[in-house]
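Okay, here's what each chain looks like letter by letter:
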Amino acid sequence: MRAIVSIHSYRGGTGKSNTVANVAALLAQRGRRVGVADTDIQSPGIHTIFGLRETDISRSLNDYLWGNCPVRDAAYDVTPAPCAAGGGKVFLLPASIRAGDIVRILQDGYDVSLLNTGFTELSAALSLDYLLIDTHPGLSEETLLSIAISDRLVVLLRPDEQDYQGTSVTLKVAERLAVPSLGLMVNKAPGTILNDKLRASLETNYGHPVWAMAPHSDALMLVGSARLFGLEAPNDPVTRAWQALADRLETP
Amino acid sequence: MRWRPVLLTVGGGALYGICNHVLGAISLPGSAVITVRPQILFPQLVGLLGGPWAGLLAGGFGNLLGDILNGHGGTYWNWCIANGMLGGMTGWLRFRAGQTISTIAAFSRFFLALLGIHTIALLFACTTHFAIFSGTTLRETLLDWCLPAILSNVLLTFLLLPAVLLVLKYLQPTLEVGLGLLMLYVLVGCMVAAGVTGAAALTWTMGNASELRAVDAETLVRLRERVTLDLFRITGAAALLLVVVGFFASLRIAYAILTPIRSIMKAVDGLRRGEPWRRETLDPVASRQDELGTMARLLQDMGDQVRDRETELTRQLEVLRREADSKEVHRRVAEIAESDYFKSLQAQAAELRRKRHESR
Ligand SMILES: Nc1ncnc2c1ncn2[C@@H]1O[C@H](COP(=O)(O)OP(=O)(O)O)[C@@H](O)[C@H]1O
Ligand SMILES: [Mg+2]
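Residues numbered from 1 in each chain as written. Chains lettered and ligands numbered in written order. Predicted model: local features only at pLDDT ≥ 70, side-chain atom pairs only at ≥ 80, totals over all residues. Heavy atoms only, no water.

**Quick word on the overall build of chain B**
So, point 1. Of regular secondary structure, chain B possesses 12 helices and two strands.
So, point 2. Within chain B, the proportion of its 360 residues that are buried is 41%.
So, point 3. Of the roughly 19,600 Å² of accessible surface on chain B, 67% is carried by carbon and sulfur atoms. (Helix = DSSP H or I, 4+ residues; strand = E, 2+ residues; numbered from the N terminus. Buried < 20%, exposed > 50% of the residue type's maximum accessible area, 1.4 Å probe, protein only. Areas by Shrake-Rupley, 256 points an atom, 1.4 Å probe, with all protein chains shown as cover.)

**A look at the site of ligand 1**
Residue and element names in this part refer to chain A.
So, point 1. In the neighbourhood of ligand 1, 17 residues make up the surrounding shell, with Gly13, Lys16, Ser17, Asn18 and Ser217 lying closest.
So, point 2. One of the backbone nitrogen or oxygen atoms of Thr14 is found 2.9 Å away from an oxygen atom of ligand 1.
So, point 3. Here a nitrogen atom of ligand 1 sits 2.9 Å away from a polar atom, N or O, in the side chain of Asn187.
So, point 4. Ranked by residue count, the leading element in the shell around ligand 1 is helix H1 (residues 16–29), at three residues. (Near = heavy atom within 4 Å. Polar contact = N/O pair within 3.5 Å; in protein donor to acceptor, adjacent residues only side chain to side chain.)

**Some points on the interface of chain B and chain A**
So, point 1. Each side of the interface is counted separately: chain B has 37 residues, and chain A has 40 residues.
So, point 2. Where chain B touches chain A, the interface holds three salt bridges.
So, point 3. Residues Arg315 of chain B and Glu161 of chain A are paired through a salt bridge, measuring 3.0 Å at the closest nitrogen-oxygen approach.
So, point 4. Linking chain B with chain A are 16 residue pairs in polar contact (both at pLDDT 80 or more), by the criterion used here.
So, point 5. At the level of elements, helix H8 (217–272), helix H10 (291–323), helix H11 (327–338) and helix H12 (340–359) of chain B are the ones that each hand at least two residues to the side of chain B that touches chain A.
So, point 6. For the side of chain B that touches chain A, the leading source of residues is H10 of chain B, giving 12 residues. (Contact = heavy atoms within 4.5 Å. Salt bridge = Lys/Arg side-chain N within 4 Å of Asp/Glu carboxyl O.)

**With respect to the pattern of salt bridges**
So, point 1. One pass over the full model with this rule turns up 31 salt bridges over all chains.
So, point 2. Because the salt bridges share partners, they merge into one network encompassing Arg11, Arg158, Asp160 and Asp163 of chain A.

**Focus: the packing of aromatic side chains**
So, point 1. Under the definition given, this model contains 10 aromatic pairs over all chains.
So, point 2. Centre to centre, the rings of Trp79 of chain B and Trp145 of chain B are 5.9 Å apart; their planes meet at 50°, and the pair counts as tilted. Separated by 66 residues along the polypeptide, Trp79 of chain B in helix H4 (residues 77–91) and Trp145 of chain B in helix H6 (residues 138–167) bring together distant segments of the chain.
So, point 3. Measuring from centroid to centroid gives 5.1 Å for Phe110 of chain B and Phe111 of chain B, while their planes differ by 85°, and the two rings are edge-to-face. When sorted by exposure, Phe110 of chain B lands in the same class as Phe111 of chain B, which is buried.
So, point 4. A network of ring pairs unites the aromatic residues Phe95, Phe107, Phe110, Phe111, Phe158, Tyr170 and Phe247 of chain B as a single cluster.
So, point 5. Positioned above the aromatic ring of Trp66 of chain A, the side-chain terminus of Arg104 of chain A is 3.7 Å from the ring centre. (Phe/Tyr/Trp six-rings, centres within 6.5 Å; stacked < 30°, edge-to-face > 60°. Lys NZ or Arg CZ within 6 Å of the ring centre and 35° of its normal.)

**A closer look at unusual backbone geometry**
Residue and element names in this part refer to chain A.
So, point 1. Backbone geometry places Ser127, a non-glycine residue, at a positive phi of 40°.
So, point 2. Mapping Ser127 onto the fold places it in the loop between helix H6 (113–125) and strand E5 (130–134).
So, point 3. Despite not being glycine, Lys188 has its phi angle at roughly 60°, a positive value.
So, point 4. Checked against the element boundaries, Lys188 lands in strand E7 (residues 181–189).
So, point 5. Assessed through its relative accessible area of 38%, Lys188 is described here as partly exposed.

**Structural notes on the sheet that holds E7 of chain A**
All names here are of chain A.
So, point 1. Sheet architecture is open: eight strands sit in the order E3-E4-E2-E5-E1-E6-E7-E8, paired in mixed fashion. The two strands at the open ends of the sheet, each matched to only one other strand, are strand E3 (76–77) and strand E8 (210–215).
So, point 2. Relative to strand E4 (residues 89–93), E3 is paired through two bridges, and the arrangement is antiparallel. Residue pairing in the sheet places Asp77 in a bridge with Phe91 of E4.
So, point 3. Taken strand by strand, H1 contacts strand E1 (3–8), strand E2 (33–38), E4, E5, strand E6 (152–157) and E7, and its axis lies near 165° from that of E5.
So, point 4. Across the face of the sheet, helix H9 (residues 192–206) comes into contact with E6, E7 and E8 while running at roughly 145° to E8. (Pairing = 2+ DSSP bridges. Axes fitted to C-alpha atoms, helices over the stretch in contact; angles between N-to-C directions.)

**Some details on H8 of chain B**
So, point 1. Taking 1.5 Å of rise per residue, the 56 residues of H8 of chain B would be expected to cover 82 Å, and the 77 Å separating its terminal C-alpha atoms lies within 8% of that figure.
So, point 2. One or two residues past the end of H8 of chain B sits Gly274 of chain B, with phi positive at roughly 75°. (Expected span 1.5 Å × (residues − 1).)

**Structural notes on the state of the cysteines**
All names here are of chain B.
So, point 1. Overall, the coordinates contain zero disulfides over all chains when judged by the stated rule.
So, point 2. Cys126 provides the cysteine sulfur closest to Cys146, a residue in no disulfide bond, and the two sulfurs are 3.5 Å apart.
So, point 3. Look at Cys146 and you get buried, because its relative accessible area is 1%. (Disulfide = S-S within 2.5 Å.)

**Regarding a nonpolar patch on the surface**
All names here are of chain B.
So, point 1. Taken together, the side chains of Ile18, Val22, Leu23, Ile26, Leu65 and Leu69 present a nonpolar region at the surface, about 490 Å² in accessible area.
So, point 2. Secondary-structure elements contributing two or more residues to the nonpolar patch are helix H1 (3–22) and helix H3 (52–69).
So, point 3. Looking at the secondary structure, you find Ile26 in strand E1 (residues 26–28).
So, point 4. On the basis of relative accessible area, Ile26 is assigned to the partly exposed category, the value being 42%. (Patch = residues over 30% accessible without salt bridge, like charges linked within 9 Å, V, L, I, M, F, W, Y side chains within 5 Å.)

**With respect to the environment of His208 of chain A**
Residues and elements named next belong to chain A.
So, point 1. Looking at the secondary structure, you find His208 in the loop between H9 and E8.
So, point 2. C-alpha separation for the pair His208 and Leu171, spaced 37 residues apart in sequence, amounts to 8.5 Å.
So, point 3. Apart from the residues lying within four places of it in its own chain, the contact partners of His208 are Leu171, Glu175, Leu182, Leu184 and Glu203.
So, point 4. Within the structure, His208 has its side chain in polar contact with the side chain of Glu175 (distance 2.7 Å).

**Points about the environment of Leu187 of chain B**
Residues and elements named next belong to chain B.
So, point 1. Inspection of the secondary structure assignment puts Leu187 in helix H7 (residues 175–208).
So, point 2. Measuring from C-alpha to C-alpha, the distance between Leu187 and Ala239 comes to 6.5 Å, with 52 residues separating the pair along the chain.
So, point 3. For Leu187, the residues in contact, after removing those within four places along its chain, are Leu242, Val243 and Gly246.

**Here we look at the packing of H4 of chain B against helix H5 (residues 104–133) of chain B**
All names here are of chain B.
So, point 1. H5 packs onto H4 with a crossing angle of 165° between their chain directions and a minimal axis gap of 9 Å. Compared by their axis directions, H4 and H5 come out roughly antiparallel. As for how H4 packs across H5, the hand of that crossing is right-handed.
So, point 2. For the contact of H4 with H5, the residue count by class is 17 nonpolar, five polar and no charged. (Parallel < 35°, antiparallel > 145°, perpendicular 65-115°, else oblique. Left-handed = near helix turned anticlockwise from the far one by under 90°. Nonpolar A, V, L, I, M, F, W, Y, C, P; charged D, E, K, R; others polar.)

**Regarding the confidence of the model for chain B**
So, point 1. Model confidence for chain B is summarised by a mean pLDDT of 89, while 98% of its residues fall at 70 or above.
So, point 2. Confidence estimates for the predicted assembly give a pTM of 0.67 and an ipTM of 0.88. (pLDDT = per-residue confidence, 0-100.)

**Comments concerning H6 of chain B**
All names here are of chain B.
So, point 1. Here H6 spans 41 Å end to end across 30 residues, near enough to the 44 Å set by a 1.5 Å rise per residue.
So, point 2. Its axis deflected by about 30° at Cys146, H6 carries its strongest bend there, up to four residues before the proline Pro148.
So, point 3. Phi turns positive one or two residues past the end of H6, at Lys169, with a value near 65°. (Bend = angle between axes of the 7 residues up to and from the residue.)

Next up, the structure:
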């Protein structure tokens, strides 16, 4: 195991799921064994990017949390064909998409500490190099736990005034939880020289490095969350930003 | 580096003298007075690369060496001085480190200056020759001797030197220089072609015209020399005149094309460096109806967008600066940090990470 990495954004719709899925695929393309956990139990979505349909999912993270099955049984091999050659693997631990399951989790809650045990077991059972966690927006208990157990936290934000405060809160909370490595990724960055300005400003105001900057991409927007854009468009600037993030995760 | 001018002087001067001896003076067919001396490039190149002194010495002593080898000794010292003048004055145009010709203005200035230098040097040689050695009238000296020599040397220089300078990378193949080269070669080429066809026609006519059968051979040769000389003087002078006019014409054309391109380049560069956006600097180009106009209008749109995004970003960054460390942030962090769950998490976090790392 190299690292558990949480990818978080204070608000939803920032591009978190796409970032997690594609960085996982790009790491697998480099021969890594990568686990992806969807802890956004209230609004799961990352499975579609890997092409997993609702009917394919018989067991989910929910089942593990309710004690219905060992965590290994809720993980699916979703290794994309182009990544298999070098021995890379991607395993997805999806959250349940069934409306009833979501309601039940919302109403009854669950033992958050089980997440930690589950991640440890899963990493061992699948000999993972990385476990990437697609967190729930905001700073709920399970998100705090994900951050607390992570070796690395990537905070994703857009250059938008609505993101600045939440990002600051997240970073300060992560500092208090003593996450060993903290960094930012900007999605839908303005591009050109404005990027340099933005990067400098973020780094001085937050006191943490900007690891990657992705511009808005019409091509990615059209793909939506239906496929792994990073494997389809290796030269798109967004893919290059994901590669930069993968590079960053690979450096200890 | 200090040896370079010395080597240039000795090497260039020696080559010049030896070529003067070996090649002598190649005459144009049909006229003994019109000589072709490609070696004239040597003193000029020494001047351009080594400076005035190197050019002066290479020209003067190179010519003296040739005269000695040809058995004239120092008799024609005035020609040595004239050759020294050619090399020395060309030295004023010397290429300093990193210096190149990249604009049509520099290109024109350079070749017009060479024309002037050749003229001065040869006028000096011919008039002193007339004053010291006499022999012919001043008029004959100037028209039958000096003028053809100037034309021959200058045209040869114009044809050969650009190629050498391109190889040595002193001429930069910019659009402007390309235009100048095109003009130079087309005009000089046309006139050389006119001269050569004229001479060929003359040879043919003189060999075949029945009217000339009765004329004796010696007269025919003299007549032919006379006509060839006139032909050369007329086409040569016309070529030079056209080239001079051509320089000004291409200067105008170059500016007509390049001024809009330059202002577009300047605007792009300003955008790249984040200078304040001034779209009106492109208005003159944008009002053109051609491709350059379209390009300028597209660029104005782009500049507007970049400016808008920059204004927006500047506003955003002001918010960021305010929010990143605001009271509200600290309040929310404190709120989270106060909860029992957070406190226990905080206590366990390091332990959880450590355990996991041990268990792998
Ligand atoms: N850089 C981008 N350019 C264009 N569209 C993007 C970009 N990043 C994300 N998107 C789109 O935004 C939508 C939300 O992305 P998603 O990854 O689901 O965000 P989150 O998980 O943070 O809610 C998706 O349709 C995705 O294709
Ligand atoms: Mg998501």
